[in-house]
Amino acid sequence: MYLASWIFLLVLGGGFGFADRAPAAEITAVDSIRKYRFLAKNARDKKDYDEALKSYREYLKYESDEKKIKQAYYFVGKIHFEKDEFEAAKQALKQAVSLDSLYVNPNLTLYQVYLRQSRPDSAAQCLERVVQARPGKTQLRRKLADLYRRQNRTQAAIRHYIPLAEKAGNDVELFGLLAVLHEDLGATAQALEWRRRLLQTQGVARDSSGGGAEGQVETLEAILELQRQSDDVAGVFETLKQLVESDPSNSHSYYSQIAEAAEKEGDETMKIIGLEGMARSNPKDLETVAMLVDLHLRGEKREMAHRWLERGLEVDETHAHLQLLRGELIVLQGGAEEDAIDAFERALQDPVWGQTAQQRIWQLRPPETEEERLKKKFFGSGDEK
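The rules we used
- Residues numbered from 1 in each chain as written.
- Predicted model: local features only at pLDDT ≥ 70, side-chain atom pairs only at ≥ 80, totals over all residues.
- Heavy atoms only, no water.
- Helix = DSSP H or I, 4+ residues; strand = E, 2+ residues; numbered from the N terminus.
- Contact = heavy atoms within 4.5 Å.
- Polar contact = N/O pair within 3.5 Å; in protein donor to acceptor, adjacent residues only side chain to side chain.
- Axes fitted to C-alpha atoms, helices over the stretch in contact; angles between N-to-C directions.
- Parallel < 35°, antiparallel > 145°, perpendicular 65-115°, else oblique.
- Left-handed = near helix turned anticlockwise from the far one by under 90°.
- Salt bridge = Lys/Arg side-chain N within 4 Å of Asp/Glu carboxyl O.
- Buried < 20%, exposed > 50% of the residue type's maximum accessible area, 1.4 Å probe, protein only.
- pLDDT = per-residue confidence, 0-100.
- Phe/Tyr/Trp six-rings, centres within 6.5 Å; stacked < 30°, edge-to-face > 60°.
- Lys NZ or Arg CZ within 6 Å of the ring centre and 35° of its normal.
- Core = buried A, V, L, I, M, F, W, Y, C linked by side-chain atoms within 4.5 Å.
- Expected span 1.5 Å × (residues − 1).
- Patch = residues over 30% accessible without salt bridge, like charges linked within 9 Å, V, L, I, M, F, W, Y side chains within 5 Å.
- Areas by Shrake-Rupley, 256 points an atom, 1.4 Å probe, with all protein chains shown as cover.
- Lys, Arg positive; Asp, Glu negative; His and termini not counted.
- Charge placed at Lys NZ, Arg CZ, Asp CG, Glu CD.

*Asks:* Break down the environment of Arg302 for me, citing the residues and quoting the values.
*Replies:* In this structure, Arg302 sits in helix H16 (residues 302-315). Between the alpha carbons of Arg302 and Leu332 there is a distance of 8.6 Å; along the sequence they are 30 residues apart. In this view, Arg302 contacts His296, Leu329, Leu332 and Gln333; residues no more than four positions away in its chain are not counted. Looking at Arg302, its side chain comes within polar contact range of the main-chain oxygen of Leu332, at 3.2 Å.

This is how it looks when you write it as structure tokens:
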């Protein structure tokens, strides 16, 4: 019995001795981890970077937790970055990223390192991983979009600007930026869509603040150019009408563009709208008034022709073209021949309309002398006017 008890105690004691040796090694590692992690953090907080790096090197000899290892590599990389030791920083930060490609902090620091080294492509790759890990961080996505734009990587920039714009709801800057970027790509339809969204946002802002007309005019003019590029004639007319309302001080120019576009398209209705707008916005533009009178005469709208003729002659009763048209209107209405001739004679001295006026006189009162007949034959009928 005594011998058996002694053997049992011997075995048990031997067992305790073996067990004591294994935990001792583990305790040493745990103590080292705690010790060097504390020393590293303490030195880092004091900005004693060399001492911190020394402690992190020792710490990494013992640490086995992957999460803590990657964190340590990040701190090592961050310290090297603070010391402007970019190659050493990259080496440590890449170690951290290799353990977790979406680890935000080392990717952000790597992004800064690559920017310092003028390597925007590599910087963008780091920031792409950050945005993937933190899709809701709009500030980081904006940095990435801006980086791509500065590199002229327009498609990539658009890919990130669009979710930013959609999330913002009404962002004048982003809408305008997206319009310009699509224009750069020649994507007219998409550029128009963003310009229209920008215009709508500017309209809301203007209604609430009472200002912002200048921005709307600029946007409308950009829309107009895009519509011209895409041959959207109806859109061109509509936008020019909006410009008249938004920028009445320049309405004569916009109406002139309406008339010009209508002339090109053979749209007489829109041409008249354009000419009438020009005449109203600048009553001294008598040549436009004359064109209106002529158009109405050709369209057999004598009342309209008479109305515009009177308005023009009130401004300048000596205007040759208007006097010529006055004479033609008198003839068409069956008025007195003398009144018509009087109107034509007032245009005789004009270098542009004088010859036509003379022909109209001869039509009413044929030349009597040989000299007048020869003169008529030489100048022709004058119907080309």
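Picking up after the structure, the text goes on.
*Asks:* Can you break down the packing of helix H6 (residues 120-133) against helix H7 (residues 138-150) residue by residue, with the values?
*Replies:* Following both chains from N to C, one finds H6 and H7 inclined at 155 degrees, their axes separated by 10 Å at the closest point. By the angle between their directions, the pair H6 and H7 is classed as roughly antiparallel. Judged by the sense of rotation from one axis to the other, the crossing of H6 with H7 is left-handed. Across from Pro120, Ala123, Ala124, Leu127, Glu128, Val130 and Val131 in H6, the residues of H7 making contact are Leu140, Arg141, Lys143, Leu144, Leu147 and Tyr148.

*Asks:* I'd love a proper account of the pattern of salt bridges, names of residues and values included.
*Replies:* For the structure shown, the criterion picks out 23 salt bridges. Across the pair Lys41 and Asp45 runs a salt bridge, and its minimum N-O distance is 2.9 Å. On the criterion of helical spacing, the pair formed by Lys41 and Asp45 is a turn pair, its members being 4 residues apart in helix H1 (residues 2-45). Using a relative accessible area of 45% as the deciding quantity, one classes Lys41 as partly exposed. The salt bridge involving Glu58 is made with Lys61; its shortest N-O contact spans 3.0 Å. Here Glu58 and its partner Lys61 are both found in helix H2 (residues 49-62), 3 residues apart, which amounts to about one turn of the helix. Several salt bridges converge on common partners, so that one network encompasses Arg142, Asp146, Arg149 and Glu173.

*Asks:* Explain the confidence of the model for the protein to me, using residue names and the numbers behind them.
*Replies:* With 86% of its residues at a pLDDT of 70 or more, the protein has an overall mean of 88. Every residue in residues 1-22 is under pLDDT 50, and counting partners more than four places away or in other chains gives 0 contacts. The model gives residues 381-385 a pLDDT under 50, and that stretch makes 11 contacts with residues more than four places away or in other chains.

*Asks:* Can you tell me about the packing of aromatic side chains, naming the residues and giving the values?
*Replies:* The final tally for this structure, using the stated rule, is 7 aromatic pairs. Both rings, one in Phe175 and one in Trp194, keep their centres 5.5 Å apart while their planes meet at 45 degrees; by these two values the pair is tilted. Remark: Trp194 occurs in helix H10 (residues 188-209) and Phe175 occurs in helix H9 (residues 172-184); sequence separation between them is 19 residues. You'll find Phe175 and Trp194 in the same group, each marked buried. Here the aromatic cluster, defined as three or more aromatic residues joined through ring pairs, consists of Tyr56, Tyr59, Tyr74, Phe75 and Tyr103. The residue whose ring lies beneath Lys70 is Tyr103, and the NZ or CZ to ring-centre distance is 4.9 Å.

*Asks:* With reference to specific residues and values, describe the nonpolar core.
*Replies:* Tyr56 and Tyr161 are the most contacted members of the largest nonpolar core, which has 52 residues in total. Each residue touching Tyr56, except ones within four places of it in the same chain, is listed here: Ala40, Arg44, Ala72, Phe75, Val76 and Ile79. With 19 residues, the next largest nonpolar core counts Ile272, Leu292, Leu297 and Leu322 among its residues.

*Asks:* Can you break down helix H17 (residues 320-332) residue by residue, with the values?
*Replies:* For H17, spanning 13 residues, the distance from its first C-alpha to its last is 19 Å, which sits close to the expected 18 Å at 1.5 Å a residue. The element H17 is largely enclosed, with a buried count of 11 among its 13 residues. Residues Ala320, His321, Leu322, Gln323, Leu324, Leu325, Arg326, Gly327, Glu328, Leu329 and Ile330 constitute the buried set of H17. Tucked inside the fold, the buried residues of H17 contact helix H15 (286-298), H16, helix H18 (337-346) and helix H19 (354-364). After H17 finishes, the residue Gly334 shows a positive phi value of roughly 75 degrees.

*Asks:* For a positive patch on the surface, give the residues involved together with the corresponding values.
*Replies:* Where like charges cluster on the molecular surface, the positive patch consists of Arg34, Arg37, Lys67 and Lys68. Position of Arg37 among the secondary structure elements: in helix H1. For Arg37, a relative accessible area of 33% corresponds to the partly exposed category.

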